[in-house]
Amino acid sequence: MNSRCRSCGAEIKWIKMTSGKMMPVNVRQIRYNPASQSDEDALVLVTEDGRIEKGHFNPSACRIGYTSHFASCPAAASHRKR
Ligand SMILES: [Zn+2]
């Protein structure tokens, strides 16, 4: 179920989090190696099944995640104001 961000028009995908909340993510799939939660250099990724994981980009890794659209949206400031 892809749609578009109402703020910037980018194509996004909604993932249902384990908490039941819907999270908008960028459609590009990121392959990554898992990293520890305390790793500050790691990317924050959303998995297909709605969990947050930290990882390092690796094109040959088998894990796939998505990056939060809120983190990269050029109109993110307006998301916060609303
Ligand atoms: Zn956006």
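Nothing here was measured: the structure is a model prediction, and the numbers come from that model.

Draft legend 1. Region of interest: the coordination of the zinc ion. The protein atoms donating to the zinc ion are C5 (SG), C8 (SG), H69 (NE2) and C73 (SG), with metal-donor distances spanning 2.1 to 2.4 Å. One can describe the donor arrangement at the zinc ion as tetrahedral, given that its four donor atoms subtend angles of 102 to 122 degrees at the metal. Expressed as a motif, the donor residue spacing for the zinc ion is C-x2-C-x60-H-x3-C. In this pair, C8 is assigned in the loop between β1 (2-4) and β2 (11-16) and H69 in helix α1 (residues 69-72), connecting sequence segments 61 residues apart. Residue H69 is classed as buried on the basis of its relative accessible area of 2%.

Draft legend 2. Spatial organisation of the nonpolar core. Ranked by size, the top nonpolar core spans six residues in total: I15, M17, M23, V25, V46 and Y66. Setting aside residues no more than four positions away along its own chain, I15 makes contact with K21, M22, M23, V25, V46, T47, E48, G50 and Y66.

What counts, and at which threshold
- Residues numbered from 1 in each chain as written.
- Predicted model: local features only at pLDDT ≥ 70, side-chain atom pairs only at ≥ 80, totals over all residues.
- Heavy atoms only, no water.
- Donors = N, O, S within 2.8 Å, 3.2 Å for Na, K, Ca; no water.
- Tetrahedral: all angles 85-135°; square planar, octahedral: opposite > 155°, others 65-115°.
- Helix = DSSP H or I, 4+ residues; strand = E, 2+ residues; numbered from the N terminus.
- Buried < 20%, exposed > 50% of the residue type's maximum accessible area, 1.4 Å probe, protein only.
- Core = buried A, V, L, I, M, F, W, Y, C linked by side-chain atoms within 4.5 Å.
- Contact = heavy atoms within 4.5 Å.

Keep in mind that these numbers describe shape and distance, not what the molecule does.
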